[in-house]
Structure formats: C-alpha cells, structure tokens
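Breakdown of the fold
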Amino acid sequence: NAAITNNNKLNISEGNTFGSKFAINGKGSIIYNDPEVVQYISEYNGNNILENITITSQKTNNGNLTIRNSTISNRITNNGNLTISNSTIISQIVNNGILTIADDVIFGNSFILSGEGQIIINDPNRIAPYLSVYNGVYVIENVDLTNQKTNKGNLTIRKSTITATITNNGNLTIENSTINAQ
C-alpha cells in the first residue's frame with residue numbers, strides 16, 4: 001500500500017512498476033511520460049484520460065478528466081470538467097462542476113449522483129433516478145426510489161415505488177405510485 005503525497009513537483013520517468021494499491025496523493029504537479037501513471041493519481045489537475053481500467057480508489061477532478069471504457073467502482077468528486085463514455089458507474093459521483101455522460105454509459109444499482117453541478121446528457125430522465133438533488137424538470141417512471149432525494153425543480157414520479165424520504169422545495173407530482181415507510 002505504498003503512497004506518495006506530493007505537495008510540490010513530482011517527476012516519474014518510464015520503467016517503473018506500480019502495485020495495484022499504489023496511490024499518488026496531494027495537490028502538487030506531476031510530470032510523467034508513462035500513461036499508466038495517471039490511474040494512480042488521486043487528485044487530477046490539468047488534462048487527463050483514464051482508459052480501460054477499473055477505478056477502485058477515490059478520485060477528485062479539478063481539471064479536465066475523461067474516463068473511457070472503464071468501470072467506476074469508487075467515489076469521484078468532480079470540481080472541473082468530467083466526461084464519461086462507454087463505461088459502467090457503480091459508485092457515487094459528487095458533481096460540483098460540469099459532468100458530461102455519453103449515451104453508452106451504464107448505471108449500476110448502487111450509482112448515486114449528488115452535488116449541484118451541471119449535467120450534460122442527451123436524455124436527462126435516464127439519469128433522474130440516480131440523482132439526490134433535482135434542479136430541473138424530470139420525470140421518473142417505473143423505478144424504485146430507495147435513497148433520500150431533494151426536489152428543487154419540477155419532478156414527476158410515475159408508476160414507481162417510493163421507500164425514500166423526499167424533501168420537496170419545488171413542484172412534486174406523484175402519479176400511480178406506491179409510497180412505503182422505511
């Protein structure tokens with residue numbers, strides 16, 4: 001479980017071998033030629049691409065991060081621009097920046113999207129069941145809502161089962177649904 005906490009400038013040359021639990025923490029700059037290094041960074045500043053990996057440690061993005069052909073199985077906090085394509089998300093994303101999700105992204109049952117950043121997605125209703133805060137117009141249909149939700153926009157819930165607490169600060173419509181106490 002080796003780690004480097006970098007608060008200044010770190011140079012990593014090619015030819016190193018990294019263990020699966022190795023991590024690079026801190027807010028310092030990192031200079032590297034080996035593209036494999038990027039997956040071990042815990043906090044991203046600048047332009048980075050994660051591709052063909054399983055993300056198993058927490059990450060924070062403060063720059064421009066692209067994730068492609070990967071599985072996200074640990075929390076990502078986005079304070080910059082995060083783009084996800086052809087990947088599976090089975091963890092939490094805290095979005096305080098701009099999050100772009102491609103049509104080919106798969107949402108696992110344990111996926112939660114929180115934060116109040118901007119979300120760019122072709123079909124906003126596709127991601128609606130996974131949001132913790134609703135700031136726009138959403139229709140949720142035929143889903144089980146089990147996590148706490150806050151509505152600050154216009155939310156319609158249809159033909160669904162609700163076992164979560166919903167705090168309504170906007171317009172909430174519930175149609176043909178089952179509401180159960182937890």
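Quick note: structure is the one above.
Residues numbered from 1 in each chain as written. Predicted model: local features only at pLDDT ≥ 70, side-chain atom pairs only at ≥ 80, totals over all residues. Heavy atoms only, no water.

**A word on the packing of aromatic side chains**
Counted under the stated rule, the structure contains seven aromatic pairs. Measuring from centroid to centroid gives 5.1 Å for Phe18 and Tyr40, while their planes differ by 40°, and the two rings are tilted. Placement of the pair is Phe18 in the loop between β2 (9-12) and β3 (23-25) and Tyr40 in the loop between β4 (29-32) and β5 (43-44), with a sequence separation of 22 residues. In this structure Tyr40 comes out as buried when scored by relative accessible area, which is 9%. In textbook terms, an aromatic cluster arises when at least three aromatic residues are bridged by ring pairs, as seen for Phe18, Phe22 and Tyr40. (Phe/Tyr/Trp six-rings, centres within 6.5 Å; stacked < 30°, edge-to-face > 60°. Helix = DSSP H or I, 4+ residues; strand = E, 2+ residues; numbered from the N terminus. Buried < 20%, exposed > 50% of the residue type's maximum accessible area, 1.4 Å probe, protein only.)

**Describing the sheet that holds strand β26 (residues 171-175)**
Read from one edge to the other, the open sheet built from three strands follows the order β20-β23-β26, with strand pairing classed as parallel. Only two strands of the sheet have a single partner each, and these edge strands are β20 (137-141) and β26. The mean angle between the axes of side-by-side strands here comes to 10°, regardless of whether they run parallel or antiparallel. In the sheet, β20 pairs with strand β23 (residues 154-158) via five bridges, with the strands oriented parallel. In the strand pairing of β23, Val137 is matched with Asn154. (Pairing = 2+ DSSP bridges. Axes fitted to C-alpha atoms, helices over the stretch in contact; angles between N-to-C directions.)

**Some details on the sheet that holds strand β7 (residues 54-55)**
Spatial strand order, β7-β10-β13-β16: four strands in an open sheet with parallel pairing. Because the sheet does not close on itself, it has two edges, and the strands there are β7 and β16 (106-107). Bridge count for strand β10 (residues 71-72) against strand β13 (residues 88-89) is two bridges, and the pairing is parallel. Counterpart to Ile72 in the pairing with β13 is Ile89.

**Details of the pattern of salt bridges**
Inspection of the entire model under this criterion finds four salt bridges. In this structure, Glu51 and Arg68 form a salt bridge, with 3.4 Å as the shortest nitrogen-oxygen distance. Residue Glu51 is found in strand β6 (residues 47-51), and its partner Arg68 is found in strand β9 (residues 64-68); the two are separated by 17 residues along the sequence. Glu116 is the salt-bridge partner of Lys152, the closest N and O atoms lying 2.9 Å from each other. Here Lys152, found in the loop between β22 (149-151) and β23, pairs with Glu116, found in the loop between β17 (112-114) and β18 (118-120); they are 36 residues apart in sequence, far enough to count as distant. Classification of Lys152 by relative accessible area gives partly exposed; the value is 38%. (Salt bridge = Lys/Arg side-chain N within 4 Å of Asp/Glu carboxyl O.)

All we've got here are geometric facts, nothing functional implied.
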